[in-house]
Amino acid sequence: MATKTTSNKKNALLIVESPTKVKAIKKFLGSGYEVAASNGHVRDLPRSQMGVDVEHDFEPKYITIRGKGDILAELRKQVKKADKVYLATDPDREGEAISWHLVSALKLNEAEAKVQRVTFNEITKNAVKEAMKHPREIDMNLVDAQQARRVLDRMVGYSISPLLWSKIKRGLSAGRVQSVALRIIADREEEIDSFIPKEYWTLDVNLSAAGEKKPLVAHYYGEGNEKKEISSKEELDSICASLKGAKYVISDVKKGERNKKAPLPFTTSTLQQEASKALNFSTQKTMRVAQQLYEGIDLGSQGTVGLITYLRTDSTRVSAEAVASANDYIQQNFGKEYLAGDASSKKSEAKIQDAHEAIRPTYIENTPVKVKDFLSRDQFRLYQLIWRRFMASRMAAAKYETTSVKIDAGKHRFTVSASKTVFDGFLNVYTDDEDQIEKNVLMKNLDTTTKLSFDSFDSAQHFTQPAPHYTEASLVHDLEALGIGRPSTYAPTISTILARHYITKENKSIFITELGQAVNKMMMDAFPQIVDVNFTSNMEALLDGIADGNVKWKTVIENFYPDLDKAVKEAEKDMEKVVVQDEVTDEICENCGRNLVIKYGPHGKFLACPGFPECKNTKPYFEKIGVECPKCGKDIVLKRTRKGRIFYGCINNPDCDYMSWARPTKEKCPKCGSIMVAKGNKLVCSDEQCGYICAKEFSDSNKD
């Protein structure tokens, strides 16, 4: 028996996805193993057709991916020499499916006994060797969940995309998840465009305390215990007048303690969000750099080491070994008082019971400073973020001393709140910007006997703000909160709708383009179910059910396809074509005398000569909206920023600098005479100081 085991080890082949992993894993396993890479997927649905046989039980038609022939031929040679084949593709549904495809592509079906699946969550010696002790069969539930996702996405994309080509523009695409993401962005933009700001004022009083040089600044609260908002200048003046000569008395001083809990270690979603905010990384860049850290970095004398655990996970669970290692490091480097309590430890470990862990460093001893010289700048910054976040997750809460003061002046009340850090806890290694600021530190001897005297008022006018434009970070947050997509889908979804020019980014903010609006409107009109958030979320739950073995994957497809097919056929018959190009204008080409036409490019409409390619003249297209510029009387036109965001400006630019994000109208404000702009179903005075609002009733020339 022992002789047989030795023989198998000498002829064992382990297949991974990425060539980057090969060298490190070969070193971990030793001379008894050969290690080879599949370079990702080896089979997929054909690109030239849907690749799903809807007439015969929705059977997928898999083919070898172009360019993978030589790789598979080499793998087949190595398989023939091996007595045992281990499939060690990534530890998720997609990795499970790749292993299943490898079995077929390498013709291993006849010899299943010699094929086994192994998974490891990190590229370290201990993790790899431990995984080899627990081989298993391929989990067909995970494979089927991935097959169902792939087939659903293919059905949506290959059924609806041709409609976009015929009705709007060739080269467009629709997708099951990307269409919902686009709808979410469109809804936010509509909410912002329709938002009507409301005026409010803040009032602070500057007070002097007996024996203190530093003034005490208190904020207006209301009347007694009733909080009150100051909504106008008239109301502010009335309050200030009633406070004239008032006596300011401290009626209550409360001291307390507030704890700020340590953050959980990173999941894919939270890593993407934090890397966007802290490092200004796109989701795509975060995943690319994290993949490099996971697959391994050459650390000189240590050799190639995977620095972080698997990067596609929605689990915050951490292994007992990692917890023990982190606890030892914290105790030695910070002190026992910085260790997280037992309760927080149990909660984080029991949160999710699955095969994955949170994203964490593989070895705590590989501190960012220690490995910095072996990493690129981006690798170092992301690794430092992950290392610090994990260490913080194992540390004690930060503690603040809080003080709340109530100051009465007649019937009016002012308040002062302050906090002071008394124990930094996890903030010692991981801080947000807000954590770095001591908030309104008060004088020490402040109680109800303290004498106060009035110095001055400080008041300021404000306007309520709409919801912020999406960033990649906030979009990922909402997609996850709504249950749309999986950790592996967030980055490619955002990258796709950016590449299709459905959305654009300015700084970090995301804006929908005119093309994106056209695509979203068509999807909303023709395929409301596809872009329904609840429907998409429920579909994710069904896919989870397949992975758990509770739902048959073809049952999900059978229930989904008929409604999709019916909607596509109705749209083909009933939907009007969206004219977005080749509209002839009165403007003459300076080069050849032809009438310029309106073309539709990646960033919207532009003027081009129809004589292309003989004449390549192009010009910006400015669509007049039938409203005169309030500054110079010339036409206001619809324009776009360099990245495609719509705004309204004067055609006489640069001589006239008028611009507005909201659509101007012909109507004038009856209160101040300024131009009115459209905000949803309201008309709003363009002068915020005026604040006049009325129902949207204006001439057809102002309508879209």
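Note that the coordinates shown come from a computational prediction; the quantities given were computed from them, not determined experimentally.

Cut-offs and rules
Residues numbered from 1 in each chain as written. Predicted model: local features only at pLDDT ≥ 70, side-chain atom pairs only at ≥ 80, totals over all residues. Heavy atoms only, no water. 1 Å grid on protein atoms, 1.4 Å probe; cavity = no way out; pocket = protein on both sides within 12 Å on 5 of 7 lines; lining within 4 Å. Points joined across faces, edges and corners; volume = space filled by probe spheres on them. Nonpolar A, V, L, I, M, F, W, Y, C, P; charged D, E, K, R; others polar. Salt bridge = Lys/Arg side-chain N within 4 Å of Asp/Glu carboxyl O. Helix = DSSP H or I, 4+ residues; strand = E, 2+ residues; numbered from the N terminus. Buried < 20%, exposed > 50% of the residue type's maximum accessible area, 1.4 Å probe, protein only. Contact = heavy atoms within 4.5 Å. Pairing = 2+ DSSP bridges. Polar contact = N/O pair within 3.5 Å; in protein donor to acceptor, adjacent residues only side chain to side chain. pLDDT = per-residue confidence, 0-100. Axes fitted to C-alpha atoms, helices over the stretch in contact; angles between N-to-C directions. Parallel < 35°, antiparallel > 145°, perpendicular 65-115°, else oblique. Left-handed = near helix turned anticlockwise from the far one by under 90°. Expected span 1.5 Å × (residues − 1). Core = buried A, V, L, I, M, F, W, Y, C linked by side-chain atoms within 4.5 Å.

J.: Help me get a handle on empty space enclosed by the protein, residues and values and all.
T.: In this structure the tally under the stated criterion is one cavity of 30 Å³ or more. Forming the walls of the largest cavity are Ser173, Gln178, Ser179, Leu182, Tyr502, Val519, Asn520, Met523 and Val531. Tallied by class, the residues present in the lining of the largest cavity amount to five nonpolar, four polar and no charged.

J.: Could you give an account of the pattern of salt bridges, naming the residues involved and the relevant values?
T.: Overall, the coordinates contain 32 salt bridges when judged by the stated rule. The salt bridge partner of Asp544 is Arg93, with a shortest N-O separation of 2.5 Å. Here Asp544 is found in helix H18 (residues 533–547), whereas its partner Arg93 is found in helix H4 (residues 93–105), with 451 residues between them in sequence. For Asp544, a relative accessible area of 26% translates into the label partly exposed. Residue class for Arg93 comes out buried when judged on its relative accessible area of 15%.

J.: Go over helix H2 (residues 19–29) with me, naming the residues and quoting the values.
T.: Regarding H2, the residues found buried are Lys21, Val22, Ala24, Ile25, Phe28 and Leu29. Of the surrounding elements, those touching the buried residues of H2 are strand E1 (12–16), strand E2 (33–37), helix H5 (125–132), helix H10 (283–295) and strand E14 (304–305). Where H2 ends, the next residue or the one after it, Gly30, has phi of about 90 degrees, a positive value.

J.: Help me get a handle on the pairing of E1, residues and values and all.
T.: Where burial is concerned, most of E1 is hidden: five out of the five residues are buried. With burial as the criterion, each face of E1 is covered, one bearing Ala12, Leu14 and Val16 and the other bearing Leu13 and Ile15. Two strands pair when backbone bridges link them, and E1 and strand E7 (residues 84–87) are joined in this way by four bridges, in the parallel orientation. Note that in E7 the partner of Leu14 across the bridge is Tyr86. Of the strand pairs in this sheet, E1 and E2 are connected by five bridges, and their pairing is parallel. Within E2, the position partnered with Leu14 by the bridge is Val35.

J.: So what's going on with the side chain of Glu189? Residues and values would help.
T.: If you trace the backbone, Glu189 turns up in helix H7 (residues 176–194). If we ignore the near neighbours within four places in the chain, the residues touching Glu189 are His469, Ile510, Phe511 and Ile512.

J.: Give me the side chain of Gln147: which residues, what numbers.
T.: Relative to the helices and strands, Gln147 resides in helix H6 (residues 140–167). Among the polar contacts listed, one links the side chain of Gln147 to the side chain of Tyr62, at a separation of 2.8 Å.

J.: With reference to specific residues and values, describe the confidence of the model for the protein.
T.: When the pLDDT values of the protein are averaged, the result is 87; 91% of them are 70 or greater. Put simply, helix H12 (residues 342–350) is where the protein has its lowest mean pLDDT, 39, and helix H14 (residues 377–393) is where it has its highest, 97. With pLDDT under 50 throughout, residues 435–439 is counted as low confidence; its partners more than four residues away or in other chains account for 10 contacts. Within the model, the stretch residues 698–704 combines pLDDT values under 50 with 15 contacts to residues more than four positions away or in other chains.

J.: So what's going on with the packing of helix H15 (residues 472–481) against helix H16 (residues 490–499)? Residues and values would help.
T.: Two numbers describe how H15 lies on H16: the axes approach to 11 Å, and their chain directions differ by 125 degrees. By the criterion of interaxial angle, the relationship of H15 to H16 is oblique. Crossing handedness for the pair H15 and H16: right-handed. Only Tyr490, Ile494 and Leu498 of H16 make contact with H15, whose side of the interface consists of Glu472, Leu475, Val476, Leu479 and Glu480. Residues of the contact of H15 with H16, tallied by class, amount to six nonpolar, no polar and two charged.

J.: Explain the sheet that holds E7 residue by residue, including any values.
T.: Pairing in this open sheet of four strands is parallel, and the strands run E2-E1-E7-E8 from one edge to the other. Where the open sheet ends on each side, the last strands, each with one partner, are E2 and strand E8 (115–117). Mean inter-strand twist for the sheet, computed between neighbouring axes without regard to direction, equals 25 degrees. Sheet strands in contact with helix H3 (residues 69–81) are E1, E2 and E7, and its direction is about 165 degrees off that of E2.

J.: Which residues make up H14, and what are the values?
T.: Here H14 contains 17 residues, and its C-alpha end-to-end distance of 24 Å stays within 8% of the 24 Å for a straight helix at 1.5 Å per residue. Taking burial as the measure, the 17 residues of H14 include 13 buried ones, the bulk of the element.

J.: So what's going on with the nonpolar core? Residues and values would help.
T.: Within the largest apolar cluster, 69 residues are counted, with the highest numbers of intra-cluster contacts made by Leu14, Ile25 and Leu382. A total of nine residues in this core trace back to one element, the largest contributor, which is H14. Those residues in contact with Ile25 that lie beyond four places of it in its chain are Leu14, Val16, Val35, Phe120, Ile123 and Val128. Grouped together as the second largest cluster of nonpolar side chains are 61 residues, Ile160, Val180, Ile530 and Ala567 included.

J.: Which residues make up unusual backbone geometry, and what are the values?
T.: Here the amide bond leading from Phe612 into Pro613 is cis, since omega sits at 10 degrees, within 30 degrees of zero. One non-glycine residue with positive phi stands out, namely Asn39, at about 55 degrees. Mapped onto the elements of the fold, Asn39 is located in the loop between E2 and strand E3 (43–44). Although it is not a glycine, Phe58 sits at a positive phi angle of roughly 55 degrees.

J.: Let's hear about the environment of Pro265: which residues, and what values?
T.: Counting through the fold element by element, Pro265 comes out in the loop between strand E12 (248–260) and helix H9 (268–279). Overall, Pro265 belongs to the buried group, its relative accessible area being 4%. Residues Pro265 and Ala145 lie 120 residues apart in sequence; the distance between their C-alpha atoms is 27 Å. Residues contacting Pro265, with those up to four places away along its chain left out, are Thr270, Thr316, Val318, Ala358, Ile359, Arg389, Phe390 and Ser393.

J.: Could you give an account of the packing of H18 against helix H19 (residues 553–574), naming the residues involved and the relevant values?
T.: Two numbers describe how H18 lies on H19: the axes approach to 9 Å, and their chain directions differ by 155 degrees. Taken as axis vectors, H18 and H19 run roughly antiparallel relative to one another. Contacts from Phe535, Met539, Leu542 and Ile546 of H18 reach H19 at Trp553, Val556 and Phe560. Among the residues making up the contact of H18 with H19, the classes are represented as seven nonpolar, no polar and no charged.

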